[in-house]
Amino acid sequence: MSEENVKVVDARGSFCPGPLMELISNMKQIEVGDVLELLSTDKGSVADVPDWVNKVGHEMVATEEKDGVWHIRVRKTK
Amino acid sequence: MTDRISIMCVSGMHERIQMAAMTAATGSVSGMDISIFLSMNALPYFVKGRDATPPHEGEMGELMASKNVPPFKQLIEQAKELGGAKVYACSMAMDVLEVSEDDLDEVLDGPLGLTRFLSDASGGQILVF
């Protein structure tokens, strides 16, 4: 079991750039070190979110697909 | 160095305004310096009391209307709130429409002349939608 503080952002059903914008909006509300798990059915998010994370300097934790839903975990680093 | 993208949105078609808003939102949250200049047939959709729903140009617009695509005005608000984008109304188009600053949608930062917009855009990229 992880002891990390994980907040889930459910953006299923939304299209680009909806999931990314919801992720960023929620990133502003969590503490440094906390993890956001974005749920998205938009395949573009799988590429867009890591691109954004790398660009702004947060940390990608994991990306996996379960039953057509992408679970993208990002740690806030600053 | 910060990348600067100056977006001229002049079309009154949904797909084009949507693409301009998508570019503004993703660019601004990626650290780019984004300005949007609304003129010609795009501006009326950002004037209070006017129809806020532009017509579709083709199949994509019709499909987007039936799916959960973020509304363009919401994307522009997010570009401003999350990425510091600026949104201006072309002062010439305002004169033609006979609207004042008070008539502009709250999402706009105010009127701007084309000369100033182009001057501010200097050294960066200009995208036209």
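Not measured: the values here are computed from a predicted model.

Student: Explain the packing of aromatic side chains residue by residue, including any values.
Tutor: All names here are of chain B. On inspection of all chains with the given rule, the structure shows two aromatic pairs over all chains. A ring pair is formed by Phe37 and Phe117, whose centres lie 4.6 Å apart and whose planes are at 20°; its orientation type is stacked. Here Phe37, found in strand β2 (residues 33-38), pairs with Phe117, found in helix α5 (residues 114-121); they are 80 residues apart in sequence, far enough to count as distant. Residue classification places Phe117 among the buried positions, given a relative accessible area of 2%. Here Lys73 stacks its cationic end above the ring of Phe46, 5.0 Å away from the centre of that ring.

Student: So what's going on with the sheet that holds strand β3 (residues 59-66) of chain A? Residues and values would help.
Tutor: What holds strands together in a sheet is hydrogen bonding between their backbones, with the strands either parallel or antiparallel. Residues and elements named next belong to chain A. In spatial order, the strands read β1-β2-β4-β3; together these four strands make up an open sheet with mixed pairing. The sheet is open, and its two borders are formed by β1 (6-10) and β3, each paired with just one other strand. Across the sheet, the mean angle separating the axes of adjacent strands is 20° when strand polarity is ignored. Pairing of β3 with strand β4 (residues 69-75), which is carried by seven bridges, proceeds in the antiparallel orientation. Within the sheet, the bridge partner assigned to Lys66 lies in β4 and is Val69. Lying over the sheet, helix α1 (residues 18-27) contacts β1, β2 (35-40) and β4, oriented at roughly 160° with respect to β2. Along the sheet, helix α2 (residues 44-56) makes contact with β2, β3 and β4, crossing β4 at roughly 5°.

Here is what the cut-offs are and how they apply
- Counting restarts for each chain: residues are numbered from 1 in the order of the written sequence.
- Just so you know, chain letters begin at A and ligand numbers begin at 1, following the order they were written in.
- Residue-level local features of this predicted model are given only where pLDDT is at least 70; pairs of side-chain atoms are given and counted only at 80 or more, and the full residue set underlies all totals for whole chains, interfaces and linings.
- Only hydrogens and water are set aside; all other atoms, that is, all heavy atoms of the structure, feed into the side-chain values.
- The pairing test for Phe, Tyr and Trp rings, Trp by its six-membered ring, is centres within 6.5 Å, and the orientation test on the planes gives stacked under 30 degrees, edge-to-face over 60, and tilted for anything in between.
- Only DSSP runs of H or I reaching four residues or more are called helices, and only runs of E reaching two or more are called strands; each is numbered from the N terminus.
- Buried residues are those whose accessible area, probed at 1.4 Å on protein chains only, stays under 20% of the maximum for their type, while exposed residues exceed 50% and partly exposed ones sit between those limits.
- A ring is scored as having a charge over it whenever the NZ atom of a lysine or the CZ atom of an arginine sits within 6 Å of its centre and within 35 degrees of its normal.
- DSSP-based pairing: two strands are paired if at least 2 bridges between them are found.
- Only C-alpha atoms enter the line fits that serve as axes; for helices the fit covers just the stretch in contact. Angles between N-to-C directions range over 0 to 180 degrees.
- The criterion used for residue contact is that any of the two residues' heavy atoms lie within 4.5 Å.

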